[in-house]
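Survey of secondary and tertiary structure
Okay, here's what each chain looks like letter by letter:
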Amino acid sequence: MKTLIALFSNTWDALIQNDGFVDSESGSSCARFIANRWENLLSDIPETEVAIFHPSMANAGDFFPAHYRRFIQVGHFLEDRIRNVFELCFEKGYQQVLFMDSAAAFVSAKKIKNCVNHLESHDLVFVPSDTGAVYIAGMKLNVFPVWDAYPFYQTESVVELLSDCIRHNVSYSLEPVIQWKESVDQLWREATVPKPSRLKT
């Protein structure tokens, strides 16, 4: 069964804006860096397609591969935008969706493959973070009516998810915890490190 990997532009765009890199050469360099990281991570994961969900049309001129599908996030609140990602993907005919914050480009290809594989045999797959929030989550179409507006980004997400899975008799795969803030900070440092000049001195 083919899985759609939905990259959700949220944290990364906020980092670029907060550091004043919007519409600048540095901003383009950071955006290109993150797009290249994703392309390398996802290039050899079988039975998947990729879509990037931008917060607005202003972000649509990205550096992701041309074969990635592109959509605009819909909804005023974060929970609404996440819900609409899943809803749109299921409406497009996908039976299972792996939602990933675009700043999660620090994870390994092995972890992504594990999530995709575990989603084949479970209704839900989620990767908790050290913040308590969930930035990577996989869902099958059959459980969408139960979790259609789940607040993954809230710090109590993991506890609520486990309780709800037990209450609704839903199968799930709980992946190892990721160190979110430290890893995103490191990724940001790698993306913004000055590039050596190619000019000879």
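This is a predicted model, so every value here is computed, not measured. (Residues numbered from 1 in each chain as written. Predicted model: local features only at pLDDT ≥ 70, side-chain atom pairs only at ≥ 80, totals over all residues. Heavy atoms only, no water.)

1. Focus: the overall build of the protein chain
Counting its secondary structure elements, the protein chain contains six helices and seven strands. Helices and strands in the protein chain line up, N terminus first, as β-α-α-β-β-α-β-α-β-β-α-β-α. The buried share of the protein chain, reckoned over its 201 residues, is 47%. A fraction of 68% describes how many contacts in the protein chain between residues 6 or more apart in sequence connect residues 24 or more apart. When the accessible surface of the protein chain is totalled, it reaches about 10,200 Å², and 52% of it is carbon and sulfur. (Helix = DSSP H or I, 4+ residues; strand = E, 2+ residues; numbered from the N terminus. Buried < 20%, exposed > 50% of the residue type's maximum accessible area, 1.4 Å probe, protein only. Contact = heavy atoms within 4.5 Å. Areas by Shrake-Rupley, 256 points an atom, 1.4 Å probe, with all protein chains shown as cover.)

2. Let's talk about the nonpolar core
By size, the foremost hydrophobic cluster in this structure holds 63 residues, and its most contacted members are Leu7, Trp38, Leu42 and Ile112. Residue contributions to this core peak at seven residues, all from helix H2 (residues 25–42). What Leu42 contacts, discounting residues up to four positions off in sequence, is Ile5, Leu7, Val50, Tyr68 and Ile112. (Core = buried A, V, L, I, M, F, W, Y, C linked by side-chain atoms within 4.5 Å.)

3. Topic: the sheet that holds strand S5 (residues 124–128)
The mixed open sheet is built from seven strands, whose spatial order is S3-S2-S1-S4-S6-S5-S7. With one partner strand each, in any of the chains shown, strand S3 (69–72) and strand S7 (172–174) form the two edges of the open sheet. Each strand of the sheet is rotated relative to its neighbour by a mean of 20°, with strand direction disregarded. (Pairing = 2+ DSSP bridges. Axes fitted to C-alpha atoms, helices over the stretch in contact; angles between N-to-C directions.)

4. A short note on the confidence of the model for the protein chain
This prediction gives the protein chain a mean pLDDT of 82; 82% of its residues lie at or above 70. Confidence over residues 196–201 falls short of pLDDT 50; this stretch has zero contacts with residues more than four positions distant or in other chains. (pLDDT = per-residue confidence, 0-100.)

5. Let's talk about the side chain of Glu175
Structurally, Glu175 can be placed in the loop between S7 and helix H6 (180–192). With no salt bridge to any partner, buried Glu175 finds its closest opposite charge in Lys111, at an N-O distance of 5.5 Å. Separated by 2.7 Å, the side chains of Glu175 and His118 make a polar contact. When residues no more than four places from it in sequence are discounted, the contact partners of Glu175 are Asn114, Cys115, His118, Val125, Phe126, Val127 and Pro128. (Lys, Arg positive; Asp, Glu negative; His and termini not counted. Salt bridge = Lys/Arg side-chain N within 4 Å of Asp/Glu carboxyl O. Polar contact = N/O pair within 3.5 Å; in protein donor to acceptor, adjacent residues only side chain to side chain.)

6. With respect to the pattern of salt bridges
One pass over the full model with this rule turns up six salt bridges. A salt bridge links Glu49 to Lys2; the nearest nitrogen and oxygen atoms lie 3.4 Å apart. Taken together, the residues Glu49 in strand S2 (residues 48–54) and Lys2 in the segment before strand S1 (3–8) connect sequence positions 47 residues apart. For Glu49, a relative accessible area of 28% corresponds to the partly exposed category. Note that Glu87 is salt-bridged to Arg83, the shortest N-O span being 2.8 Å. One end of the pair is Glu87 and the other is Arg83, both in helix H3 (residues 78–91) and four residues apart, which spans about a single turn. Owing to a relative accessible area of 21%, Arg83 belongs among the partly exposed residues under this scheme.

7. Description of the environment of Met1
One can find Met1 in the segment before S1. Judged by relative accessible area, Met1 falls into the exposed class, the value being 52%. For the pair formed by Met1 and Gln96, sequence separation is 95 residues and the distance between their alpha carbons is 7.9 Å.

8. Digging into H3
Taking 1.5 Å per residue, 14 residues should reach 20 Å; H3 reaches 20 Å between its end C-alpha atoms and fits that length. Listed in full, the buried residues belonging to H3 are Arg81, Ile82, Val85, Phe86, Cys89 and Phe90. Where H3 is buried, its residues meet S1, S2, strand S4 (96–101) and strand S6 (134–140). One or two steps after H3, the chain reaches Gly93, where phi turns positive at roughly 105°. (Expected span 1.5 Å × (residues − 1).)

9. Quick word on the packing of aromatic side chains
According to the stated counting rule, one finds nine aromatic pairs in the structure shown. Both rings, one in Phe64 and one in Tyr68, keep their centres 5.9 Å apart while their planes meet at 35°; by these two values the pair is tilted. Summarising the burial analysis for this pair, Phe64 and Tyr68 share the class buried. When the ring of Phe106 is compared with that of Trp180, the centres are 5.5 Å apart and the planes differ by 65°; the resulting orientation is edge-to-face. Note that Phe106 is positioned in the loop between S4 and helix H4 (109–121) and Trp180 in helix H6, a separation of 74 residues in sequence. By relative accessible area, which is 6% here, Trp180 ends up buried. These aromatic residues form a ring-pair network of at least three members: Phe8, Phe86, Phe90, Phe99 and Phe144. (Phe/Tyr/Trp six-rings, centres within 6.5 Å; stacked < 30°, edge-to-face > 60°.)

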